[in-house]
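Notes for the structure review
Each chain is listed here by its residues.
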Amino acid sequence: MTKLVNLEDCCKILDSQRIPITANNRIEGPYPYYGANGIQDYVAGYIFDDELVLLAEDGGNFGSKDRPIAYRVSGKCWVNNHAHVLKPKSGLDVDYLCYSLAFYDTSNLVNGATRKKLTQSAMRKMKIPLPPLNIQIKIVDTIKKVRSIISFRQSQLDKLDTLVKARFVEMFGDPCCNQLNWKCKKLNEITSKIGSGATPKGGKESYVVNGVSFVRSLNVYDGNFVYKNLAHLTQVQASQLQNVTLEKNDVLINITGASVARSCIVPNDILPARVNQHVSILRPNLENVNPVFLNQLLISYNFKNKLLNLGSAGGATRQAITKQQLEDLEIILPPIELQNQFTSFVQQVDKSKVA
């Protein structure tokens, strides 16, 4: 059975060698200056020259499932006082140490209300499994292979997304320039609904585990609906938002905040659903507008920039696209047969992405 060991027993703790440098006092140079979550700057000197693992002390990604709290550094570098510095002792592989700590559950270890901190005393008592060195190396090799496969597959997915964008331009040209002279109409002329919702009384504290889906801006990405953190409402709450009930083929677009202008098609498996005030429903008239075509148009490079410019037009600190601005958007309108051909192409690409 693999034994559990405290970090202080299997690592040298080099925190006492850390030296923070304020931004004004840093001299630019070739050596990375590390903090809690990675490189903060490049400086003229270094205080470490080794194979090390840096573990966030404060300001780290504590509790995140996709952003690590530990990372590897190699060679000459400088580390500030926001990251613990760990050097593995004999019998502990440095990469194995890093993987063991990257997503460590620190929920019972960190303290602080607004800025979580993993104190040195708490860090020293963190436990990791310590199998024989040859087993550690096998584990590391397996993880690296998996990460390599994930990276390769992601690259394939990115290329398929690029293929869809290229096919759109090939078939319809730039929707802003309209060099192919397609008929144009305002968005409110080719949709039966344009409108956003509201947040129920009580905010997120009123959400339930199961119920009517409640779509927020964090669920809407360009061409992709993100199920993570999808909220749910009770039937009573949902009944108060009947005017923003989502339907099959609705196109969603974020209209406020940092995610403004992100757009996707609502997936059928979340229906019935409602939206909050940061997301607008675009319901295309299917006899002359295909929702896949409309969504791809909205997220095409030049049209996306047009939407972002609209969002900043008011000069406010928080970007926003108004309902009137959406209604007045000029949209190219190629024959529905061509739009359907494009949709068939996208569906074939989606099958490849699933595979």
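In the block above lies the structure referred to throughout.
Now for a description of the structure that goes with this document. Values in this document were obtained by computation on a predicted structure and should not be read as measured data. (Residues numbered from 1 in each chain as written. Predicted model: local features only at pLDDT ≥ 70, side-chain atom pairs only at ≥ 80, totals over all residues. Heavy atoms only, no water.)

Glancing now at the side chain of Asn-254. Assignment of secondary structure puts Asn-254 in strand 15 (residues 251–254). In this structure the side chain of Asn-254 is engaged in a polar contact, spanning 3.1 Å, whose partner is the backbone oxygen of Ser-217. Those residues within four positions of Asn-254 in sequence are excluded, and the remaining contacts are Ser-217, Val-220, Ser-259, Val-260, Ala-261, Arg-262, His-278, Val-279 and Ile-321. (Helix = DSSP H or I, 4+ residues; strand = E, 2+ residues; numbered from the N terminus. Polar contact = N/O pair within 3.5 Å; in protein donor to acceptor, adjacent residues only side chain to side chain. Contact = heavy atoms within 4.5 Å.)

Okay, the sheet that holds strand 17 (residues 273–275) next. In space, the three strands of this open sheet follow the order 14-11-17, with mixed pairing throughout. This sheet does not close on itself; its edge strands, each paired only once, are strand 14 (231–233) and strand 17. Strand after strand, the sheet turns through a mean of 40° between neighbouring axes, direction not considered. When strand 11 (residues 212–215) meets strand 17, the two strands line up parallel, connected through three bridges. Within strand 17, the residue paired with Val-215 across the bridge is Val-275. (Pairing = 2+ DSSP bridges. Axes fitted to C-alpha atoms, helices over the stretch in contact; angles between N-to-C directions.)

Assignment of secondary structure puts Lys-304 in helix 7 (residues 301–312). By relative accessible area, which is 14% here, Lys-304 ends up buried. Here Lys-304 is in contact with Asp-222, Val-260, Ala-261, Arg-262, Leu-298 and Ile-299, once residues within four sequence places are set aside. (Buried < 20%, exposed > 50% of the residue type's maximum accessible area, 1.4 Å probe, protein only.)

Strand order in the open sheet formed by four strands is 10-18-15-16, and the pairing between neighbours is antiparallel. Bordering the open sheet on either side are strand 10 (191–196) and strand 16 (263–265), each of which pairs with just one other strand. In this sheet, adjacent strand axes meet at a mean angle of 20° when their direction is disregarded. The sheet contact formed by strand 10 and strand 18 (residues 279–284) spans five bridges and is antiparallel. Bridging from a neighbouring strand, Ser-196 pairs with Ser-280 of strand 18. Its contacts with the sheet put helix 6 (residues 291–299) on strand 15, strand 16 and strand 18, and the angle it makes with strand 16 is roughly 165°.

To continue, consider the pairing of strand 18. Regular strands have side chains that alternate between both faces of the sheet. Of all six residues that make up strand 18, six are buried, and the element is covered over most of its length. The side-chain alternation of strand 18 yields two buried faces, one formed by Val-279, Ile-281 and Arg-283 and the other by Ser-280, Leu-282 and Pro-284. By the bridge criterion, four bridges tie strand 15 to strand 18 in an arrangement that is antiparallel. Residue pairing for strand 18: Asn-254 is matched across the bridge by Val-279.

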